[in-house]
Amino acid sequence: MAPSFTIRPFNHDDTEKVVSLWKHSGLTRPWNDPYKDIQRKMEEEPELFLIGELGDHVIGSAMVGYDGHRGWLYYLAIEEQHRQKGYARALIDAAEYLLRDRGCPKIHLMVRRDNTQVIGLYESLDYSEVDTVVLGKRLISDEVSSQ
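Summary of the structure given here.

How each quantity is defined
Residues numbered from 1 in each chain as written. Predicted model: local features only at pLDDT ≥ 70, side-chain atom pairs only at ≥ 80, totals over all residues. Heavy atoms only, no water. Helix = DSSP H or I, 4+ residues; strand = E, 2+ residues; numbered from the N terminus. Rg over C-alpha atoms; globule rule 2.2 N^0.38 Å. Buried < 20%, exposed > 50% of the residue type's maximum accessible area, 1.4 Å probe, protein only. Core = buried A, V, L, I, M, F, W, Y, C linked by side-chain atoms within 4.5 Å. Contact = heavy atoms within 4.5 Å. 1 Å grid on protein atoms, 1.4 Å probe; cavity = no way out; pocket = protein on both sides within 12 Å on 5 of 7 lines; lining within 4 Å. Points joined across faces, edges and corners; volume = space filled by probe spheres on them. Nonpolar A, V, L, I, M, F, W, Y, C, P; charged D, E, K, R; others polar. Pairing = 2+ DSSP bridges. Phe/Tyr/Trp six-rings, centres within 6.5 Å; stacked < 30°, edge-to-face > 60°.

Within the chain one finds 4 helices and 5 strands. What you see in the chain, going N to C, is helices and strands ordered as β-α-α-β-β-β-α-β-α. The C-alpha radius of gyration computed for the chain amounts to 15 Å, which stays within 12% of the reference 15 Å derived for 147 residues, consistent with globular compactness. Considering only C-alpha atoms, the chain reaches an extent of 50 × 40 × 30 Å along its principal axes. The buried share of the chain, taken over its 147 residues, is 36%.

Here we take up the nonpolar core. With 20 residues, the main nonpolar core has Leu50, Val64, Leu73, Leu76 and Ile92 as its most contacted residues. Sorting the residues of this core by element identifies β2 (49–54), β3 (57–66), β4 (71–78) and α3 (87–101) as the ones contributing at least two each. Considering each element in turn, this core owes the most residues, 7 residues, to α3. Aside from chain neighbours lying at most four places away, what touches leucine 50 is Ile7, Arg8, Gly60, Ser61, Ala62, Val64, Leu91, Ala94, Ala95 and Leu98. Of all hydrophobic cores here, the second largest spans 13 residues; its members include Val18, Trp22, Val58 and Met63.

Turning to the layout of surface pockets, a few remarks are in order. Counted as a void, the second largest pocket has a volume near 180 Å³. Along its surface, the second largest pocket is lined by Lys17, Ser20, Leu21, His24, Ser25, His57, Val58, Glu79, Glu80, Gln81 and Arg83. Top element by residues in the lining of the second largest pocket is helix α1 (residues 15–24). It accounts for 4 residues. Grouping the amino acids of the lining of the second largest pocket by side-chain chemistry returns 2 nonpolar, 5 polar and 4 charged.

What follows deals with the pairing of β2. The buried count for β2 comes to 6 of 6 residues, which makes it a mostly enclosed element. The alternating pattern of β2 places Phe49, Ile51 and Glu53 on one face and Leu50, Gly52 and Leu54 on the opposite face, and all of these are buried. Both strand β1 (residues 5–9) and β2 contribute to a ladder of 5 bridges, which runs antiparallel. When the bridges of β2 are listed, proline 9 appears paired with leucine 50.

Inspection of the entire model under this criterion finds 6 aromatic pairs. Seen in terms of ring centroids, phenylalanine 10 and phenylalanine 49 are 4.4 Å apart; in terms of plane orientation they differ by 5°. Their pairing is stacked. Placement of the pair is phenylalanine 10 in the loop between β1 and α1 and phenylalanine 49 in strand β2, with a sequence separation of 39 residues. When its relative accessible area of 0% is taken as the criterion, phenylalanine 49 is described as buried. Members of the aromatic cluster, connected to one another through ring pairs, are Phe10, Trp22, Phe49 and Tyr75.

Along the chain, the position of threonine 28 falls in the loop between α1 and α2 (34–43). Look at threonine 28 and you get partly exposed, because its relative accessible area is 22%. Residues threonine 28 and histidine 69, spaced 41 residues apart in sequence, show a C-alpha to C-alpha distance of 27 Å. Setting aside residues no more than four positions away along its own chain, threonine 28 makes contact with Trp22, Lys23 and Pro34.

Have a look at this one:
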């Protein structure tokens, strides 16, 4: 029997597996320390940090947030060998459910323009490009750890 896919909240023991997943998925950047991102998330709505498991193997993640105005989806990742099997959609559905349950009226996410495969996934789920410019400003400088 094939292992089943389950979604559960992140726990501290997942840290190394999740950071490795993000690195292999091309989601990390030198100016964002993924360990600090995890630490920060565990201080704010930790129940909205989702892990996708196949059996007892971590194969996916989604970091969700809600600020009272809109929801956000970050760090959606699925191990490459498990893509195109509906696991990303399941994590997105779980994120949307959690946000809807909190009264969240809309969800936003950011995708790098050259990530056309992921843009196609979101478009197939009725996400559309919003005529918005995203601006950012670093408030706390991360010194990327060598962990």
